[in-house]
Amino acid sequence: MRRAVCPGSFDPVTNGHTDIIERASRMFDEVIVAVLINESKVGLFTVDERMEMLREVTKEYGNVRVDSFRGLLVDFCRANDARVVVKGLRAVSDFDYELQMAQMNHGLAGVETLFMPTNPRYSFLASSLVKEIAKWGGDVTAHVPEVVAARLAVRLRDHGSR
Ligand code: PNS
């Protein structure tokens, strides 16, 4: 089985992420969307919440499942019998760090990285920008799935930030 991993923080998932996940799902038998559990960084959403949103927005793709991992990505890949990581590249500025990680992951465990050019519609999109716009009452509905926009509104209202 050709299985790929789409890793990330996904705090929260954006339309840019779903575009990459959907395209990857057409190239592989199975795609695992893997949310990093990063104990040293507090997110706006918990890992469970991020996974819930990812499950909701990927449920129409029959071959995508959502999981989480801590530690090294290559260990997660090995444990799941996945030899390929799929990453979206928005711009040349993404490339430096992504190349470094890809080469390291290949050296560590022979895991290949497939870079997929982001759809130009999403080349400026980032979860951090979405959170900032939403925090100040801006409209993010063009940039994130509906379920995410709704959750952002509730979360930021609960935090008293708007
Ligand atoms: O969405 P992000 O935050 O850009 O995703 C980064 C992620 C999760 C893909 C990257 O930080 C990662 O793979 N972390 C796991 C730890 C790891 O394997 N580090 C060594 C990379 S060479």
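In this report, the structure presented in the accompanying data block is examined. (Residues numbered from 1 in each chain as written. Predicted model: local features only at pLDDT ≥ 70, side-chain atom pairs only at ≥ 80, totals over all residues. Heavy atoms only, no water.)

### Describing the site of the ligand
The environment of the ligand is formed by Pro-7, Gly-8, Ser-9, Leu-36, Phe-69, Gly-71, Leu-72, Leu-73, Lys-87, Met-101, Met-104 and Asn-105. Ser-9 places a polar side-chain atom, nitrogen or oxygen, 2.6 Å from an oxygen atom of the ligand. About the coverage of the ligand: the protein hides 69% of its 550 Å² of free accessible area. Taken atom by atom, the bulk of the ligand overlaps the largest pocket. (Near = heavy atom within 4 Å. Polar contact = N/O pair within 3.5 Å; in protein donor to acceptor, adjacent residues only side chain to side chain. Areas by Shrake-Rupley, 256 points an atom, 1.4 Å probe, with all protein chains shown as cover. 1 Å grid on protein atoms, 1.4 Å probe; cavity = no way out; pocket = protein on both sides within 12 Å on 5 of 7 lines; lining within 4 Å. Sits in = over half its atoms within 2 Å of the grid points.)

### Thoughts on the pairing of strand β4 (residues 84-89)
Counting buried positions along β4 gives five out of six residues, so the element sits mostly inside the fold. The pairing of strand β1 (residues 3-8) with β4 spans two bridges and is parallel. Among the inter-strand pairings, Val-5 is bridged to a residue of β4, identified as Val-85. You can see the chain leave β4, run along helix α4 (residues 92-109) and come back into strand β5 (residues 112-117), and the turn it takes is right-handed. (Buried < 20%, exposed > 50% of the residue type's maximum accessible area, 1.4 Å probe, protein only. Helix = DSSP H or I, 4+ residues; strand = E, 2+ residues; numbered from the N terminus. Pairing = 2+ DSSP bridges. Right-handed = clockwise from strand over helix to strand, strands pointing away.)

### A word on the nonpolar core
By size, the foremost hydrophobic cluster in this structure holds 34 residues, and its most contacted members are Val-33, Leu-54, Val-86 and Leu-152. Only β1, α1 (15-27), β2 (30-36), α2 (47-58), β3 (64-69), β4, α5 (127-135) and α6 (146-158) provide two or more residues apiece to this core. Ranked by residues supplied to this core, first place goes to α2 with five residues. Setting aside chain neighbours within four positions, we find Leu-152 in contact with Pro-12, Leu-44, Phe-45, Val-130, Lys-131, Ala-134 and Val-140. Residues Ala-34, Phe-69, Leu-73 and Val-85 belong to the second largest nonpolar core, which totals eleven residues. (Core = buried A, V, L, I, M, F, W, Y, C linked by side-chain atoms within 4.5 Å. Contact = heavy atoms within 4.5 Å.)

Remember, this is a structural readout, not a statement about activity or role.
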